[in-house]
Amino acid sequence: MEPVIVSYIPAIHRGYVDFFKKYGANGTLYVLGAPYIKEVPRLERDIRALTPEEAAELAASLSIFKKVLILDEKNIDELKASGSIIMPEDEANRMFAETHLGKTIIQFVPVFLRWNRQISTAEFEVAPDRIVSEDAFDKEVITGALEEAKKSPDWWRQVGAILVRDRKPILIAHNSPLPSDYTPNIFGDPRSNFDAQETQYKDLGKFIHAEAQLIALAAKKGIRLEGCSLYVSTFPCPACAKSVAVAGIKEVYYAKGYSLLDAEDILKMFGIKIVMVK
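A brief report on the enclosed structure follows. (Residues numbered from 1 in each chain as written. Predicted model: local features only at pLDDT ≥ 70, side-chain atom pairs only at ≥ 80, totals over all residues. Heavy atoms only, no water.)

Quick word on the overall build of the chain
Which entries qualify depends on this criterion: Counting from the N terminus, the helices are the DSSP runs of H or I reaching at least four residues and the strands are the DSSP runs of E reaching at least two. Throughout, a residue-residue contact means that at least one pair of heavy atoms, one from each residue, lies within 4.5 Å.
The secondary structure content of the chain amounts to ten helices and 13 strands. A sequence separation of at least 24 residues applies to 61% of the contacts in the chain between residues at least 6 apart.

Description of the packing of aromatic side chains
Rules: The aromatic pairing rule takes the rings of Phe, Tyr and Trp, using the six-membered ring of Trp, and pairs them if the centres are within 6.5 Å, calling planes under 30 degrees apart stacked, those over 60 edge-to-face and the rest tilted. Note on exposure labels: buried denotes an accessible area under 20% of the residue type's maximum, exposed denotes more than 50%, and partly exposed covers the range between, all computed with a 1.4 Å probe on protein chains only.
For the structure shown, the criterion picks out eight aromatic pairs. With 5.0 Å between their ring centres and 65° between their planes, Tyr-36 and Phe-96 make a pair best called edge-to-face. Of the two residues, Tyr-36 sits in helix α2 (residues 34-37) while Phe-96 sits in helix α5 (residues 91-100), which places them 60 residues apart along the sequence. As far as burial versus exposure is concerned, Tyr-36 and Phe-96 are alike and both buried. The rings of Tyr-16, Phe-19, Phe-20, Tyr-23 and Phe-65 are connected pair by pair, giving a single aromatic cluster.

A look at the side chain of Asn-93
Let me state the cut-off plainly: In protein, a polar contact requires one atom able to donate a hydrogen and another able to accept it; more generally it is a pair of N or O atoms within 3.5 Å, and residues adjacent in sequence count only if both atoms are side-chain atoms.
By the secondary structure assignment, Asn-93 is in helix α5. Asn-93 gets classed as buried once you look at its relative accessible area, which sits at 0%. A polar atom in the side chain of Asn-93 sits 3.5 Å from the side chain of Ser-7. Once residues lying within four places of it in the same chain are set aside, the contact partners of Asn-93 are Val-6, Ser-7, Tyr-8, Leu-32, Met-87, Pro-88 and Phe-108.

Considerations on the packing of helix α8 (residues 210-221) against helix α9 (residues 238-247)
This is how the line gets drawn: In this analysis an axis means a line fitted to C-alpha atoms, helices contributing only their contacting stretch, and an angle means the value between N-to-C directions, from 0 to 180 degrees. For classification, angles of less than 35 degrees are called roughly parallel, those exceeding 145 degrees roughly antiparallel, those between 65 and 115 degrees roughly perpendicular, and all remaining angles oblique. Helix crossings fall into two classes, left-handed where the near helix is turned counterclockwise from the far one by less than a right angle and right-handed where it is turned clockwise.
Two elements in contact, α8 and α9, have axes whose closest approach is 9 Å; the angle formed by their N-to-C orientations is 30°. Overall, the two elements α8 and α9 adopt an arrangement that is roughly parallel. Remark: the crossing between α8 and α9 carries left-handed chirality. Contacts between α8 and α9 pair Glu-211, Ala-212 and Ile-215 from the former with Cys-240, Ser-243, Val-244 and Ala-247 from the latter.

Observations concerning helix α10 (residues 262-269)
Using the following cut-off: What the arc describes is the spread of directions from the helix axis to the C-beta atoms.
Of the residues making up α10, those classed as buried are Ala-263, Glu-264, Ile-266 and Leu-267. Axial view of α10: buried residues confined to an arc of 160°, hence all on one face. Summarising the contacts, the buried residues of α10 are in contact with α9, β12 (251-256) and β13 (273-277).

What about the sheet that holds strand β6 (residues 131-133)?
Just so we agree on the cut-off: Strand pairing requires that DSSP identify at least two bridges connecting the strands.
Spatial strand order, β6-β13-β12-β11-β7-β8: six strands in an open sheet with mixed pairing. Only two strands of the sheet have a single neighbouring strand rather than two, namely β6 and β8 (168-174). When strand polarity is set aside, the average angle formed by the axes of neighbouring strands in this sheet is 25°. In the sheet, strand β11 (residues 229-234) pairs with β12 via five bridges, with the strands oriented parallel. Residue pairing across strands places Thr-234 opposite Lys-256, the latter belonging to β12. Against the sheet, α8 makes contact with β7 (160-165), β8 and β11, and its axis sits at roughly 125° relative to β8, the strand it touches most.

Digging into the packing of α9 against α10
Between α9 and α10, whose axes approach to 8 Å, the crossing angle comes to 10°. Here α9 lies roughly parallel to α10, going by the angle between them. When α9 is examined against α10, the residues Pro-238, Ala-241, Lys-242, Val-244 and Ala-245 are found in contact with a partner set consisting of Asp-262, Ala-263, Ile-266 and Leu-267.

Digging into the nonpolar core
Keep this limit in mind: In plain words, nonpolar cores are sets of buried Ala, Val, Leu, Ile, Met, Phe, Trp, Tyr and Cys residues tied together by side-chain atoms within 4.5 Å.
Membership of the largest hydrophobic core comes to 26 residues, with the highest contact counts inside it found for Leu-163, Leu-230, Val-244 and Leu-267. Those elements that provide at least two residues to this core are β7, β8, α8, β11, α9, β12, α10 and β13. For this core, the element with the most residues is α8, which contributes four residues. Those residues in contact with Leu-230 that sit more than four places away from it in its chain are Ala-161, Ile-162, Leu-163, Glu-211, Leu-214, Val-244, Ile-249, Glu-251, Val-252 and Tyr-253.

Next up, the structure:
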């Protein structure tokens, strides 16, 4: 059976070319048409993005596919009848599939194409080198972190974290507003003016992250963190990952993924064990 690829394509770059060659050679490419793109909030605002027609023309010029088509209401039934479909893991592709493809068999392939390719609190695929734990102790502690997260008044993202030494919790925290819990109510939160997916504004808030608060509390109390384990409800952001790495924490256990990729690279470079707890 010839491969069938469906994707939103705002630009043609090396990531797309490699993906096309690996999964779509001599097959058919359907480029998401304008009506489907408009269904995804804010995509139409990207002035850098190619039109579907331009993307299709450029994709066809690569001579990888037998056919390159723009997907619209005229040929979507033809697409559904093609059997298995391959799509890059991307929030726009996910939304389209969930809205229009129903029970069609789809293989989502994790591949880096756009910085905001996945929803900020979801990890759709577990990396091949990822350790997954179902250990009773790990579950108990991560459940504690998830419960701690509920105490946070941050509408943007609630995060709970627990520091553990020798399988004993020593500090617990959640992301909190500074200088007091009343700060957002008095002065407001700058991020209220932006959508949660607009990660470029993530540092404008008045909250200290749970991980940063734990490390600061440990410094205040004179607790040495080298060799400790961190249990966090949501995978650390890049800034917190840097602090975690320098603090000497040896393991990071988490329940949910994060949208930015840099943090994982930082932790791995410092030899920190990363464990997803189910």
